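# Coordinate inspection notes
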Amino acid sequence: MGEYLAILFGAIFIYNFVLTRFLGICPFLGVSKRVETSVGMSAAVVFVMVMASIITWLIQSYILEPYGLQYLRTIAFILVIASLVQFVEMVIQKVSPSLYEGLGVFLPLITTNCAVLGMAILNIQEQYNILQSIVHAIGAAIGFAIAMVILAGIRERLELATLSKYYKGASVALIAAGILSVAFQGFAGMM
Amino acid sequence: MSIAKEFSKGIIKENPVLRLLLGLCPVLGVTTTAMNGLGMGVASTFVLLCSNIVISLLRSVIPKKVRIPCFIVVIATFVTIVDMSMNAFLPDLHANLGLFIPLIVVNCMILGRAEAFASKNTLTYSISDGIGMGVGFTVALVLLGGMREILGAGAIFDYTFTPEAFEPFAVFASPAGAFIGLGFLLAGMNLLSKKLKLD
């Protein structure tokens, strides 16, 4: 049990996917202009990540390893993730058209969200079993969601701040993310 | 439209990192030193160039509806080639870049060029676009890597030139330094494009 908690909190705080490992920066900057869209995006990422961790683990242990096909890992994983994202997109379009509009181009872009593929590859590198992989995926997705919602909150306020025009937009968002990352470094002392 | 123009636009006017904000994960993740930045830049340029060539040649064969999976398979093939050859010939660099080598496959710059340029243009233009964008990407990586290495370690390309009394800013060697450094680089780029009247 302690080991699972360590993986979970490690992925959320200490090795936060966005702020420490630099995975999933594109949606992090692209969708974090409003808190509402960032929450929707995070929910989609949580679902895709957990599903992807299960499926990629099964593919790795039952197809790639027994037949010595590890070199096909990148191709196999990215195709699985791409089809999963397509599926989630169809579901969201049916269930909540307004959320679908809000997420816009970033929904299909979860495919190229390196956090999902990065999480799948890390699971293999750390030789996690299937339960550990799922816990790691949940932690990674929650960490992603926390970082994104916090940054969205900061950016909503930054809209009203008086800034030099050269710093407007992505530039000041990155500097804010840097300060956020300093704060997350403090969590390294927890372990 | 000329070949030279397609080449040069990637370096400043449409620099993938500093102007279009594409492919930021490896930019932030590997740039602790200028050398890592250069290695990542060259690896990504190779993948971008090869995928641009293949996709441009296949553009009339690939059906429109399944184009994205087709592009991804082409890109993933070249990423696997880079991954395996770098592991064999440059094991140290491969260890430094780590996770970010397989992740070239999800670099939005590469898929973006495939979708926006190579699938619509002839071979010669796609090649010059690929090289130009790749060089622009590499320049941005080396700039950020160099800046972080100078401030965070007082060295450039592993050559220490600062006096012993120089106290490096530890923050620039840490993840936070990547965000802050890139934030300032982007502001600098905004200033430069204003001066050059690019917008």
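Residues numbered from 1 in each chain as written. Chains lettered and ligands numbered in written order. Predicted model: local features only at pLDDT ≥ 70, side-chain atom pairs only at ≥ 80, totals over all residues. Heavy atoms only, no water.

## Section: the overall build of chain A
Test applied: What counts as a helix is a DSSP run of H or I of at least four residues, what counts as a strand is a run of E of at least two, and both are numbered from the N terminus. Three exposure classes are used, based on accessible area relative to the maximum for each residue type with a 1.4 Å probe and protein chains only: buried under 20%, partly exposed in between, and exposed over 50%. Methods summary: accessible areas were calculated by the Shrake-Rupley approach with a probe of 1.4 Å, and residue burial reflects only the protein chains presented.
Assigned secondary structure in chain A consists of eight helices and zero strands. Reading chain A from its N terminus to its C terminus gives the helix and strand order α-α-α-α-α-α-α-α. Projected onto its principal axes, the C-alpha positions of chain A cover 60 × 45 × 30 Å. The buried share of chain A, taken over its 191 residues, is 51%. Accessible surface, chain A as shown: approximately 8,700 Å² in total, 67% of it carbon and sulfur.

## As for the environment of Ala137(A)
Residues and elements named next belong to chain A. The following threshold applies: Here, two residues are considered to be in contact whenever any of their heavy atoms come within 4.5 Å of each other.
Structurally, Ala137 can be placed in helix α7 (residues 130–158). Judged by its relative accessible area of 0%, Ala137 is buried. Between the C-alpha atom of Ala137 and that of Ile7, which follows or precedes it by 130 residues, the distance is 9.6 Å. Beyond its immediate chain neighbours, meaning those up to four positions away, Ala137 contacts Met49, Val50, Ser53 and Met119.

## Some details on the confidence of the model for chain B
Residue and element names in this part refer to chain B. Selection rule: pLDDT: the predictor's confidence for each residue, scored from 0 to 100.
Confidence in the prediction for chain B averages 86 pLDDT; 99% of positions are at 70 or higher. Predicted confidence in chain B is weakest over strand β2 (residues 159–160), with a mean pLDDT of 76, and strongest over helix α3 (residues 34–57), with 91. Predicted as a complex, the structure gets a pTM of 0.87 and an ipTM equal to 0.83.

## Quick word on helix α1 (residues 2–14) of chain A
The complete set of buried residues in α1(A) reads Ile7(A), Leu8(A), Gly10(A), Ala11(A), Ile12(A) and Ile14(A). Lining the buried residues of α1(A) we find α7 and α8 (170–185) of chain A.

## Details of the side chain of Ser193(B)
In plain terms, the rule: For this analysis, a polar contact is any N or O atom pair within 3.5 Å, provided that within protein one partner can donate a hydrogen and the other can accept it, and provided that sequence-adjacent residues contribute only side-chain to side-chain pairs.
With respect to the helices, strands and loops of the structure, Ser193(B) is situated in helix α9 (residues 175–195). Within the local environment of Ser193(B), its side chain forms a polar contact with the backbone oxygen of Asn190(B), the two atoms lying 3.0 Å apart.

## Points about a positive patch on the surface
What counts here: Patch definition: residues above 30% relative accessible area lacking any salt bridge, with like charges linked at up to 9 Å and the nonpolar side chains Val, Leu, Ile, Met, Phe, Trp and Tyr linked at up to 5 Å. When a carboxyl oxygen of Asp or Glu is within 4 Å of a side-chain nitrogen of Lys or Arg, the pair counts as a salt bridge. Charged residues are defined narrowly, with Lys and Arg counted positive, Asp and Glu counted negative, and His plus the chain ends left uncounted. Here the site of a charge means NZ on Lys, CZ on Arg, CG on Asp, or CD on Glu.
Residues Lys165(A), Lys194(B), Lys195(B) and Lys197(B) make up a contiguous surface patch of positive charge. By secondary structure assignment, the location of Lys194(B) is in helix α9. Judged by its relative accessible area of 46%, Lys194(B) falls in the partly exposed class.

## Let's talk about the pattern of salt bridges
All names here are of chain B. For the structure on display, the rule yields three salt bridges over all chains. Linking Arg67 and Glu115 is a salt bridge whose minimum nitrogen-to-oxygen distance equals 3.0 Å. Taken as a pair, Arg67 in helix α4 (residues 67–89) and Glu115 in helix α6 (residues 108–118) lie far apart in primary sequence, 48 residues in all. Of the charged contacts, one joins Asp129 and Arg113 as a salt bridge, the two residues approaching to 2.9 Å between their closest N and O atoms. With Asp129 in helix α7 (residues 123–153) and Arg113 in helix α6, the pair connects residues that are 16 residues apart, well separated along the chain. An identical accessibility class is assigned to Asp129 and Arg113; each is buried. The network of salt bridges with shared partners includes Lys9, Arg113 and Asp129.

## A closer look at the packing of aromatic side chains
Applicable threshold: Working definition: rings of Phe, Tyr and Trp (its six-membered ring) pair if their centres are within 6.5 Å, and the pair is stacked with planes under 30 degrees apart, edge-to-face with planes over 60 apart, and tilted otherwise.
Applying the stated rule across the entire model yields eight aromatic pairs over all chains. When the ring of Phe184(A) is compared with that of Phe187(A), the centres are 5.4 Å apart and the planes differ by 70 degrees; the resulting orientation is edge-to-face. Between the aromatic rings of Phe169(B) and Phe172(B), the centroid separation amounts to 6.3 Å while the plane-to-plane angle is 80 degrees, which identifies the pairing as edge-to-face. By relative accessible area, which is 14% here, Phe172(B) ends up buried. Ring pairing ties together the aromatic residues Phe9(A), Phe13(A), Phe184(A) and Phe187(A), which thus form one cluster.

## Observations regarding the state of the cysteines
Residues and elements named next belong to chain B. Operational definition: By disulfide we mean two sulfur atoms from cysteines, separated by a distance within 2.5 Å.
Applying the stated criterion to the full structure yields zero disulfides over all chains. Lacking any disulfide linkage, Cys50 is separated from the closest cysteine sulfur, that of Cys70, by 18 Å. Judged by its relative accessible area of 15%, Cys50 is buried.

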